[in-house]
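These are the residues of each chain, in order.
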Amino acid sequence: MSDVILLWDSPLLFEKLFVEYGLECTRALSTSLGTPYLPACKILVLPTGFANKLYTKTGVGLERSKRSLERFVEKGGTLLVFSPLVPEYEYEWLPFSLKYIMEENPCTPNPVDEHEAQKLIENIIPPAGCDGYFSEADAQVVLEDNRGRPIMVVKEIGEGMIVATTIHELPAAGFFEYRAECTRKVKA
């Protein structure tokens with residue numbers, strides 16, 4: 001069983017990063033969501049560009065996996081979603097409303113209240129690479145850009161959480177250590 005599963009269809013730098021963090025990482029196709037072939041894990045990661053067909057076919061399996069992803073989170077898993085990297089995107093496969101607008105926007109992420117998910121960027125020296133913002137979010141906003149637009153949101157569902165961000169930087173180890181400690185392995 002893996003600590004982290006990357007939903008992607010080719011090798012990624014993320015894989016080496018997680019090994020460096022001491023986490024067991026597996027890469028899997030999004031079409032394996034909800035099947036017996038996908039092992040249990042603590043954290044599912046959807047890297048930047050998942051909806052851009054120039055980079056990957058990962059977006060194909062997401063829409064039909066809505067219920068599997070929701071059950072994964074309800075049972076205690078963490079779903080970390082980066083930007084789709086297309087001009088506009090509605091996350092119809094998430095169990096809440098979330099809309100993205102792509103806009104190259106290096107910024108200083110501004111915390112909104114305090115949330116453990118903010119550990120995701122604790123290693124970033126501003127300005128952070130940011131490829132857009134959320135134009136609509138039925139979730140808790142935990143980071144905003146310099147113009148007050150949401151760039152990281154969190155939605156707690158059942159025993160787990162979904163974290164979505166438009167920050168285009170390598171994630172910090174502290175987030176994964178925190179989520180790996182308080183999350184149990186669950187099947188998606």
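To be clear, the structure that these remarks concern was listed above.
Residues numbered from 1 in each chain as written. Predicted model: local features only at pLDDT ≥ 70, side-chain atom pairs only at ≥ 80, totals over all residues. Heavy atoms only, no water.

Chemist: Help me get a handle on helix α3 (residues 66-74), residues and values and all.
Modeler: Looking only at α3, the buried set comprises S68, L69, E70, F72 and V73. Structurally, α3 contributes buried residues whose contacts are with β3 (43-46), α2 (59-62), β4 (78-81), β10 (150-157) and β11 (160-165). The first or second residue beyond α3 is G76, which carries a positive phi of 120°. (Buried < 20%, exposed > 50% of the residue type's maximum accessible area, 1.4 Å probe, protein only. Helix = DSSP H or I, 4+ residues; strand = E, 2+ residues; numbered from the N terminus. Contact = heavy atoms within 4.5 Å.)

Chemist: Quick one: what's the story with the sheet that holds strand β9 (residues 140-144), residue by residue and with numbers?
Modeler: In space, the 8 strands of this open sheet follow the order β2-β1-β3-β4-β11-β10-β9-β7, with mixed pairing throughout. The open sheet has two edge strands with one neighbour each: β2 (25-28) and β7 (110-111). Across 2 bridges, the pairing between β7 and β9 is antiparallel. Residue N110 lies in a different strand from β9, and its bridge partner there is E144. Across the face of the sheet, helix α1 (residues 13-20) comes into contact with β1 (4-7), β2 and β3 while running at roughly 170° to β1. (Pairing = 2+ DSSP bridges. Axes fitted to C-alpha atoms, helices over the stretch in contact; angles between N-to-C directions.)

Chemist: An account of the pairing of β10 is requested, with residue identities and associated values reported.
Modeler: Of all the 8 residues making up β10, 6 are buried; the element is thus mostly covered by neighbouring parts of the structure. Taken together, the 4 bridges between β9 and β10 define a ladder with antiparallel strand orientation. Directly across from V141, in β10, lies its bridge partner V153. The turn joining β9 and β10, which pair antiparallel and follow one another in sequence, is formed by 5 residues; a positive phi near 80° is taken by G148. Between β10 and β11, which pair antiparallel one after the other, the connecting turn spans 2 residues, and G158 there sits at a positive phi close to 60°.

From the geometry alone we can't say anything about function, so treat these as descriptive.
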